[in-house]
Amino acid sequence: MPPANQQPSTNPASNLDFFSIPQSLLLQIGTASILLLLITGKTTVKALEAIGEASEELLRGDRLPNLDFPEDSEINQT
């Protein structure tokens, strides 16, 4: 026995626009983004290494001023 409230479905067919994009295009976009991420990562690592070397050079001991420390005899006299 069919239901008494039988109406034709007004819902459109399921939206498959995502699947209408060619797979080769999706593969190209994915490949390009991965390559861009790899290049960006390598560039970032090189930049951070350069910053580290520059800060190490800045704080090297031969560029720091010499400090005059009091002798032990001067400390005992006071």
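This text follows the structure it describes.
Reading the values: rules and limits
- Residues numbered from 1 in each chain as written.
- Predicted model: local features only at pLDDT ≥ 70, side-chain atom pairs only at ≥ 80, totals over all residues.
- Heavy atoms only, no water.
- Helix = DSSP H or I, 4+ residues; strand = E, 2+ residues; numbered from the N terminus.
- Buried < 20%, exposed > 50% of the residue type's maximum accessible area, 1.4 Å probe, protein only.
- Areas by Shrake-Rupley, 256 points an atom, 1.4 Å probe, with all protein chains shown as cover.
- Patch = residues over 30% accessible without salt bridge, like charges linked within 9 Å, V, L, I, M, F, W, Y side chains within 5 Å.
- Salt bridge = Lys/Arg side-chain N within 4 Å of Asp/Glu carboxyl O.

Across its full length, the chain holds two helices and zero strands. Every one of the 78 residues in the chain was classed for burial, and the buried ones make up 0%. For the chain, the accessible surface area stands at approximately 8000 Å², while carbon and sulfur atoms represent 62% of it.

Before going further, it helps to examine a nonpolar patch on the surface. The grouping of Ile21, Leu25, Leu26 and Ile29 at the surface amounts to a nonpolar patch, some 310 Å² of accessible area in total. Its location among the elements puts Leu25 in helix α1 (residues 23-58). Look at Leu25 and you get partly exposed, because its relative accessible area is 38%.

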